[in-house]
Amino acid sequence: MSNEFYTLIVVPHAKARFRKFQVSVRLTRWVLASFAVLTLALVGIVVHYTMISVEVAEMKKLRGENLALATKARAYEENAGRLQARVLTLQNVVTKLGLMAGVEKSLPDAGVGGVGGLSNLETAAPSVDIAASLQGIDSTVSALTEKSTRLQAFFEDQQELLSATPSIWPVRGYLSAAFGNRKDPFTGMPDFHPGIDVSTPRGTQILAPADGVVVFVGRKRGYGKALVVNHGFGVVTRYGHLDGHNVKIGQRVRRGDVIGFVGNTGRSTAPHLHYEVWVNDQLRNPIEFILDEYRSFS
């Protein structure tokens, strides 16, 4: 077996001598085996290199994505910080409005609200838990929403109250009799005048001084032809000595609507409007509610 050889015969095309080569079988097998091993090794190296190249490419891709995410995270953190600061400012404004409206008792502690953002030294990954920061902002906004709802209800009530306040003169004319103690124009005896008298020509339009509902139209003792309007919130206005009216019971009126006309009916010496304001069944001086305090209109 050790003396076996392979014989190779080379046959030339032209006329020449044949050439013989003898190769040891053992050597041939060894060379073939070495070649196979080398081939497998090269294939393994190529496969391994390809895998490493793919992993390197994926790592570069992941590194780029991580860098982009880190940049976005820093931007989110900065935005969250600015948003948190704005929410804190808004919270203070809402609370101050609540204090003025009487629905809040005190300003919030300045240390309670959070602020955020990055300093110039913080160039690495964000150091603040963005999820926790956003959750805190969400809680604050929820509280602000609740406070805003209460404030809205309060100011809506205030708007209705302002609309129900008799703040304008019902007629143009001269204030001939004030509210309070006076001498009775018929008897000359001391008397209490429950309203004000505005002298003006007969037929002058009487305007509703505030929003309300007409609750009485007709004759009323010394008032003559009278009219009563309920404005809500316990506010009622009365009008006496009318020549006529422009409304009916149950009718809703707005400030500035014509509700009647000046006359000289009832216990009256000349054409004028007798005007009263009642608040919670108590007489009040109508002048206290009128924004324009001039006593005459010329």
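Up top is the structure these notes are about.
Presented here is a report on the structure given in the accompanying data block.

Thresholds, definitions, all that
Residues numbered from 1 in each chain as written. Predicted model: local features only at pLDDT ≥ 70, side-chain atom pairs only at ≥ 80, totals over all residues. Heavy atoms only, no water. Pairing = 2+ DSSP bridges. Helix = DSSP H or I, 4+ residues; strand = E, 2+ residues; numbered from the N terminus. Phe/Tyr/Trp six-rings, centres within 6.5 Å; stacked < 30°, edge-to-face > 60°. Buried < 20%, exposed > 50% of the residue type's maximum accessible area, 1.4 Å probe, protein only. Salt bridge = Lys/Arg side-chain N within 4 Å of Asp/Glu carboxyl O. Contact = heavy atoms within 4.5 Å.

Some points on the pairing of strand E12 (residues 258-262)
- For strand E7 (residues 205-207) and E12, the ladder comprises three bridges, and the chain directions are antiparallel. Paired with Leu207 across the strands is Val258, a residue of E12.
- Pairing analysis gives three bridges linking strand E10 (residues 235-245) to E12, with the strands arranged antiparallel. From the neighbouring strand, His245 faces E12, where its bridge partner is Gly260.

Some words on the packing of aromatic side chains
- Throughout the structure, instances matching the rule amount to two aromatic pairs.
- Where Phe179 meets Phe192, the ring centres are 5.4 Å apart and the plane angle is 80°; that geometry is what we call edge-to-face. Residue Phe179 is located in the loop between strand E3 (174-177) and strand E4 (180-183), and its partner Phe192 is located in strand E5 (residues 190-193); the two are separated by 13 residues in the primary sequence.
- The partly exposed category is assigned to Phe179, whose relative accessible area is 23%.
- Residue class for Phe192 comes out partly exposed when judged on its relative accessible area of 39%.
- Seen in terms of ring centroids, Tyr239 and Tyr275 are 5.4 Å apart; in terms of plane orientation they differ by 25°. Their pairing is stacked. Note that Tyr239 is positioned in strand E10 and Tyr275 in strand E13 (residues 272-279), a separation of 36 residues in sequence.

What about the pattern of salt bridges?
- Tallied over the full model, the rule gives five salt bridges.
- Asp211 is paired through a salt bridge with Arg254; the nearest N and O atoms lie 3.1 Å apart. Taken together, the positions of Asp211 in the loop between E7 and strand E8 (212-219) and Arg254 in the loop between strand E11 (252-253) and E12 put the pair 43 residues apart, joining distant regions of the chain.
- For Arg284, the salt bridge identified is with Glu288, shortest N-O distance 3.1 Å.

Remarks on the environment of Val217
- The topology assignment puts Val217 in strand E8.
- Val217 sits 27 residues away from Gly244 along the chain, and the two C-alpha atoms are 9.6 Å apart.
- Sequence-distant contacts of Val217, defined by excluding residues within four places in its chain, comprise Ala226, Leu227, His245, Val247, Lys248 and Ile249.

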